[in-house]
Amino acid sequence: MERFASTAERIASEPAKLAKIALLAEYFRGLDDDDLAAAARFFAGGPFAARDRRTLALGGRTMVEVARRVYGFDDASLLSNYRATGDLGAAIGALVRAPADAMLFRDRLTPAVLETLFGEIAGASGKNANRRRAAVLERVLRACEDPRVATYVVKIVTGDLRVGLREGLVLEAIAQAFGSDPREVRRALMAFGDAGAVAVAAKRGTLHELRVDYGSPIGFMLATPVPYGEAYAELAHGSWIAEDKYDGIRAQAHVRDRDVRLFSRRFNDVTDSYPEVASALAAIARDAILDGEIVAMRDGGVLPFRTLQARLQRKTVDARLLREVPLTYVVFDLLAIEGELLIDEPLSLRRERLASLITPAAALAIAPFDPVGTEASEFVNRRFEAARARGNEGVMLKRFDAPYFPGRRGKWWLKLKRELSTLDVAVVAVEWGNGKRAGVLSDYTFAVRGDDGSLQAIGKAYSGLTDAEIATLTPWFLEHRLPASERREKARAHEIPVEPKVVIEVAFDVIAESDLHESGFALRFPRIVRIRDDKPVEEIDTLQRVREIYGEMRKRENVTES
Ligand code: AMP
């Protein structure tokens, strides 16, 4: 472990990413298979492989007690060390001296030996488990005569090496050490969830032999929001498909020998919460990893999200709940089939294979999709309205030739969402438009009514009105300009303040706290739904209403993120 510790220390003090990778690659190259496997796992972030469900179950208190027994330091020095660094490994390491009692037999600690001892700790069970765990940990610490080794051993136990290496860099180091293609290493790591096995396979040149490991969730690919509008520039390149955006719970299903596991976005195993989905999936004859959304659905019709809410965070479900809130898993992607990982294949192929894998049944459906044609904007907006009419949240646009990027939010998947809500607001300032809208006042800053009755800006909208409406409003705004002295406090340079008489209804996706505007909030992707000729400025929405919508949004986020 001396070399492990000195390498970790050098990596920690080396700021450059490439140099960190080179140091680690050099270290990996010098190890035999067993040590390589263990060291790669440790550098990847913990005592065991990511796919390994074992834990050490060693609390901070046990570690401190055992360390004190071995090295004989007092609590006060440990506490002040810990306060100074916030790092238990470093705090204990600084107090390490040769163990107080000379022992005839002491383990020679290598990464492989340490991993075996970790296995013993994790395996302790029954009445005396705690005592057994502490006894093995004592053996480990007695073997650490070098303070640096003790430091890093404790860091591995606490699951944080703090050397500034992310998994991506460990992967690069494995590739560099054994001359493998980093993409192949990444793919193997995704499939297998064990940096140790991947490192050894890279060394032997057998990466392609690593099969998909069922039961370790793969990161979820995420989408970038785009505003509902008149043009979707993002769709100009490549071919795209549109799917409904279902308002439910994202889930990744692993089907192996008809045994099913469902994982939430936070990688929790939520299988027991959705028994009807699990049993529908158990009918699939081949091993597969699927991605999809669990929604409340009856007779093919989507039920509102609040219906689904009754099923969330329930560890067990009774027959009545199963009947009252029936669920369907709507599958939209296939990440693996049998031993083959498909994440690097284009979506078109994954979809094709998904269609031939699954037979829709009760509680199981495949998300229908349509190709986006050349008249993209018109098609997308029509598709959006149709999805909404079906009770869904909006539309997802996906590039048909894109791989599946685990854990990444990119431009390959776009989401066009239902507005969170709408607000009736007053236009308080206007700006000249650009491009097609040059020569007309088309950009509107709008406000809600603050607690003291004053108008407080909350956002700015450019889209939603027709050319004819803008053409009519422009002269009206010009006639109702206010003197520059009326400029609002946080006005932008080109803003022209106007009399707050025009009321518009704006839709938006997200409210965020922000100091951009006086209200303390900002709207994401606001768009004008219509001009509210029927509504006087006295009746526009208030800041209090904004706070309420914001509160509801936060509450909902907490529920769906579980
Ligand atoms: P959001 O939660 O608004 O960031 O939107 C992204 C989420 O939409 C994903 O994490 C999924 O849970 C959900 N979603 C619904 N329908 C789809 C779909 N067809 N494809 C991908 N994600 C979807």
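Every value quoted in this text rests on a predicted model; they were computed, and no experiment measured them.

**A short note on the domain arrangement of the protein**
Note: interface size is frequently given as the accessible area lost on complex formation between the parts.
Here is step 1 of the chain: Domain annotation of the protein identifies domain 1 (46–158), domain 2 (222–417) and domain 3 (421–554).
Here is step 2 of the chain: Computed from C-alpha coordinates alone, the two centres of domain 1 and domain 3 are separated by 60 Å.

**Some details on the pairing of strand β15 (residues 455–461)**
Here is step 1 of the chain: Among the seven residues of β15, six are classified as buried, and the element is accordingly described as predominantly covered.
Here is step 2 of the chain: In terms of strand pairing, strand β14 (residues 441–449) meets β15 through six bridges, oriented antiparallel. Paired with Y444 across the strands is A461, a residue of β15.
Here is step 3 of the chain: What sits between β14 and β15 in their antiparallel hairpin is a turn of five residues, with G453 showing a positive phi close to 90°.

**Let's talk about the packing of aromatic side chains**
Here is step 1 of the chain: Within this structure, the stated rule accounts for 14 aromatic pairs.
Here is step 2 of the chain: With a centroid separation of 6.2 Å and 40° between ring planes, the pair formed by Y27 and F28 is classed as tilted.
Here is step 3 of the chain: Geometrically, the ring pair formed by F369 and F400 is tilted, given 5.5 Å between the ring centres and 50° between the ring planes. On the criterion of sequence distance, the pair formed by F369 in strand β10 (residues 369–371) and F400 in the loop between β11 (394–399) and β12 (409–417) is long-range, its members being 31 residues apart.

**Some remarks on the site of the ligand**
Here is step 1 of the chain: Among the 13 residues in the neighbourhood of the ligand, the closest are listed as E243, E293, K398, K415 and K417.
Here is step 2 of the chain: At 2.7 Å, a side-chain N or O of E243 approaches a nitrogen atom of the ligand.
Here is step 3 of the chain: For the ligand, an oxygen atom lies 3.1 Å from a polar atom in the side chain of K245.
Here is step 4 of the chain: In isolation the ligand exposes 500 Å². Once the protein is present, 89% of that is buried.
Here is step 5 of the chain: Counting only elements with at least two residues in the shell around the ligand, the list comes to β2 (240–245), β11 and β12.
Here is step 6 of the chain: Its residues assigned to classes, the shell around the ligand comprises four nonpolar, no polar and nine charged.

The rules behind each value
Residues numbered from 1 in each chain as written. Predicted model: local features only at pLDDT ≥ 70, side-chain atom pairs only at ≥ 80, totals over all residues. Heavy atoms only, no water. Domains from an automatic or database assignment. Buried < 20%, exposed > 50% of the residue type's maximum accessible area, 1.4 Å probe, protein only. Helix = DSSP H or I, 4+ residues; strand = E, 2+ residues; numbered from the N terminus. Pairing = 2+ DSSP bridges. Phe/Tyr/Trp six-rings, centres within 6.5 Å; stacked < 30°, edge-to-face > 60°. Near = heavy atom within 4 Å. Polar contact = N/O pair within 3.5 Å; in protein donor to acceptor, adjacent residues only side chain to side chain. Areas by Shrake-Rupley, 256 points an atom, 1.4 Å probe, with all protein chains shown as cover. Nonpolar A, V, L, I, M, F, W, Y, C, P; charged D, E, K, R; others polar.

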